[in-house]
Amino acid sequence: MNSRSFVGSATVATACALGCPLEPDHPLGRLMQVTHAPLRQVRLDRAYAIGQVAVTQAQWRGVMGEDPPGLTFPGDGRPVHGVSWSEAAGFCNALSDREGLSRAYEITGESVQWADPDGPGYRLPTDAEWEVACRGGTQTPFWTGEVLGAEQANFDAQYEGSGSHKGFVGGPMPVGCFPANPFGLFDTHGNVCEWTWGDAAPDTDAVDPTPRGAGQWRPVRGGSWALWRSRWCGS
């Protein structure tokens, strides 16, 4: 797993319709609603910045002084993968330390608490923040439209229908190899899945859904080179 750093970040819009935008009688809608919440309006009260790409192995090494744990596909430009949720939070704290910012998290073993929600320290995006950023202002299943193909994201597209280009890379590619979404963010629908903070975004309309504690669930968002259906890569 990975998450987005705030290195080379982009500020994103703060309001969005989240969830599956397709009706149940749409073939893709029936499939996506199994893993996606119903459509609802979410507003985020504060602007935020999020990395344009996932954290690379070179970035991790530069901050942590060693290779990321769980690495199976080495390469400076490739994204970090195989790290735990608490390890991703630890990277955020280390990045804050390097830049002289207050830490966002208090970490004890696998226990992580968001100690400074309003502070300037680096952190994981909340589930709602991630989805707003991924959508890039669009209202379709993918920011690319209703179809996601192998020319648009790194996922296992061998079994996709005729509406998308077929292909399979077999591992994570260097970040930024595919087109950016309208907010200038890369690889949100593929390459490696990404950790977010706390509970999943609410199933009902909400304002600033920001879980303060560790949360019962640790959501994983985005697509991955190993996912073999585009419907699992949606926002």
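Details of the structure are given in the entry above.
The structure reproduced in this document is the subject of the present report. Every residue gets a number counted from 1 within its own chain, in the order that chain's sequence is written. For a predicted model such as this one, the threshold for reporting local features is a pLDDT of at least 70, and the threshold for listing and counting side-chain atom pairs is 80 or more; totals across whole chains, interfaces and linings nevertheless cover every residue. Heavy atoms from the whole structure form the basis of all side-chain values; hydrogens and water molecules are not counted.

### Overview of the overall build of the protein
Counting its secondary structure elements, the protein contains four helices and nine strands. When the helices and strands of the protein are listed from N to C terminus, the series reads β-β-α-β-β-α-α-β-β-α-β-β-β. Each residue gets one of three labels from its accessible area relative to the maximum for its type: buried under 20%, exposed over 50%, partly exposed in between, using a 1.4 Å probe on protein chains only. Among the 235 residues that make up the protein, the fraction classed as buried is 50%. Whether two residues are in contact is decided by their heavy atoms, any of which lying within 4.5 Å being enough. Considering only contacts in the protein between residues 6 or more positions apart, those separated by 24 or more positions represent 66%. Starting at the N terminus, helices and strands are each numbered in turn, a helix being any DSSP run of H or I of at least four residues and a strand any DSSP run of E of at least two.

### Describing the pairing of strand 5 (residues 105-108)
Each regular strand shows side chains that alternate between the opposite faces of the sheet. Criterion used throughout: strands pair if DSSP finds at least two bridges between them. Note: strand 5 against strand 6 (residues 111-114), four bridges, orientation antiparallel. Considered in strand 6, the bridge of Ile107 is made with Val112. In textbook terms, the turn of a hairpin is the stretch between consecutive antiparallel strands, and for strand 5 and strand 6 this stretch comprises two residues, one of which, Gly109, has a positive phi near 60°.

### A word on the nonpolar core
For this analysis, a nonpolar core means a set of buried residues of the types Ala, Val, Leu, Ile, Met, Phe, Trp, Tyr and Cys, connected via side-chain atoms within 4.5 Å. Counting 20 residues, the largest nonpolar core has Trp60, Trp85, Phe91, Tyr105, Val112, Leu124 and Trp197 as its most contacted members. If you tally residues by element for this core, the top one is helix 3 (residues 85-98), at seven residues. Core analysis: the next-biggest nonpolar cluster, separate from the first, contains eight residues, Val42, Leu44, Ala128 and Ala133 among them.

### Examining helix 4 (residues 127-135)
The buried fraction of helix 4 amounts to nine of the nine residues, a majority that puts the element mostly inside the structure. All buried positions along helix 4 are accounted for by Asp127, Ala128, Glu129, Trp130, Glu131, Val132, Ala133, Cys134 and Arg135. With its phi angle positive at about 60°, Gly136 sits one or two positions after the end of helix 4.

### Some details on the pattern of salt bridges
The salt bridge criterion pairs a side-chain nitrogen of Lys or Arg with a carboxyl oxygen of Asp or Glu, the two atoms within 4 Å. Evaluation of the coordinates by the stated rule reveals seven salt bridges. Here Arg61 makes a salt bridge to Asp76, at a shortest N to O gap of 3.0 Å. Remark: Asp76 occurs in the loop between helix 2 (57-64) and helix 3 and Arg61 occurs in helix 2; sequence separation between them is 15 residues. By relative accessible area, Arg61 is classed as partly exposed at 31%.

That is the geometry; function is a separate question.
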